[in-house]
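Chain residues, written in single-letter form:
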Amino acid sequence: MQMDLPIAQVRHFLLVAEHGGFHAAADKAFRSQPAISKSIQALEERLGGALLEPGRRSLLTPLGRQCLPFLRELVLHHDRTASTVSAFVRKDRGTLTVAAIAAVAGNWLPQLVQGYQQDHPGVAVRLLDDNSRNIERMVLDGEVDFGIGSMVSGTAEIMVEPLVDDPFGLVCSRSHPLAARKRLRWEALQGLPLLGTTAHHQLAQWPEQARWLQQPVMQVSTMLTMLALLEANVGVTVLARLGVPAMLAERLAFVPLVGPQRMRQLGIVRLAGHSLSPAAQDMRERLLRHAQAQQVEARR
């Protein structure tokens, strides 16, 4: 049968054993001598044997000497555990794993992670860059604390906290004839050398717009390759605005597609009904504040 040993009672016994008497133990514990005596008696009753000799209460019994190293280890283990748990709560230790689509990983996370690590240097941060479908899978499998992307499957096991509505547009080289346009209608895509990407599945919910993307001249599997082809003017593509890295804004043009305008909703993808760790909760709050600031800036 498992025995429950109150840690305070064990500490009182160790103080008597280590300091040679009840008077010194009481001073160390900031308790009265009768309180220390009563605490140790309660511990002895739980154990079913005397730890201190009845006539000489500062002298350990054979049982007391046998138990002493194990009770010391019990207190040390308790204190180590309490310290570690407290560090997790304070975000002084732990890990944070976030999976994000490239749009967020390249545009938002560098600044946010820099501030996060300055505030919580003891937390190991791990960032994964993937598409929304794989991010959702990682969230479901528990591989990440949360993801940043779009809802894909619509499963009830996943919840998405909205961050930003990201409009779709034509992306092309700055030297392309359409680069200077303020906006374009979807029909303008007809006849253009379109580069296809997995990101286009996000438009499947709008068949009238998705039909313009069904016959790409080339299918591109990685965003780095896509950006290089766009910059070389091999073709054009359709991406959400945040899909264009800020560092390439001078070389690639984003022209909003309208009639109607379509947007993808980006959000924090997490398991429904599950709390986040303190480390993950802190990053979640930073993301929400950053998204709100971005919306305020966009309205100016």
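Everything below is about the structure shown above.
Residues numbered from 1 in each chain as written. Predicted model: local features only at pLDDT ≥ 70, side-chain atom pairs only at ≥ 80, totals over all residues. Heavy atoms only, no water.

(A) Spotlight on a nonpolar patch on the surface. A contiguous nonpolar surface patch, about 240 Å² in accessible area, is contributed by V217, M218 and V234. Here M218 shows up in strand β7 (residues 218–219). (Patch = residues over 30% accessible without salt bridge, like charges linked within 9 Å, V, L, I, M, F, W, Y side chains within 5 Å. Areas by Shrake-Rupley, 256 points an atom, 1.4 Å probe, with all protein chains shown as cover. Salt bridge = Lys/Arg side-chain N within 4 Å of Asp/Glu carboxyl O. Helix = DSSP H or I, 4+ residues; strand = E, 2+ residues; numbered from the N terminus.)

(B) Layout of the packing of helix α1 (residues 7–19) against helix α3 (residues 33–47). The contact between α1 and α3 brings their axes to 9 Å, and the two run at 115°. In terms of orientation, α1 and α3 fall into the roughly perpendicular class. Two packed elements cross with a definite hand, and for α1 against α3 that hand is left-handed. Residues A8, Q9, V10, H12, F13 and V16 of α1 pack against I36, S39, I40, A42, L43 and R46 of α3. In terms of residue class, the contact of α1 with α3 is made up of 8 nonpolar, 3 polar and 1 charged. (Axes fitted to C-alpha atoms, helices over the stretch in contact; angles between N-to-C directions. Parallel < 35°, antiparallel > 145°, perpendicular 65-115°, else oblique. Left-handed = near helix turned anticlockwise from the far one by under 90°. Contact = heavy atoms within 4.5 Å. Nonpolar A, V, L, I, M, F, W, Y, C, P; charged D, E, K, R; others polar.)

(C) Up close: the nonpolar core. In this structure, L96, V104, W108, F146, I148, M283 and L287 are the most contacted members of the largest nonpolar core, which totals 32 residues. Mapped onto this core, the elements with two or more residues apiece are β1 (95–100), α5 (102–107), α6 (109–119), α7 (132–140), β3 (146–149), β4 (158–173), β10 (263–271) and α10 (278–299). A total of 5 residues in this core trace back to one element, the largest contributor, which is α10. Setting aside chain neighbours within four positions, we find W108 in contact with L163, V164, L242, L287, H290, A291 and Q294. Membership of the second largest hydrophobic core comes to 20 residues, among which are L184, L203, W206 and W212. (Core = buried A, V, L, I, M, F, W, Y, C linked by side-chain atoms within 4.5 Å. Buried < 20%, exposed > 50% of the residue type's maximum accessible area, 1.4 Å probe, protein only.)

(D) Just the pattern of salt bridges, in detail. One pass over the structure, following the stated rule, counts 13 salt bridges. Between R72 and E18 there is a salt bridge; the shortest N-O distance is 3.2 Å. Taken together, the residues span a long stretch of sequence, with R72 in helix α4 (residues 62–90) and E18 in helix α1 at a distance of 54 residues. E18 gets classed as partly exposed once you look at its relative accessible area, which sits at 43%.

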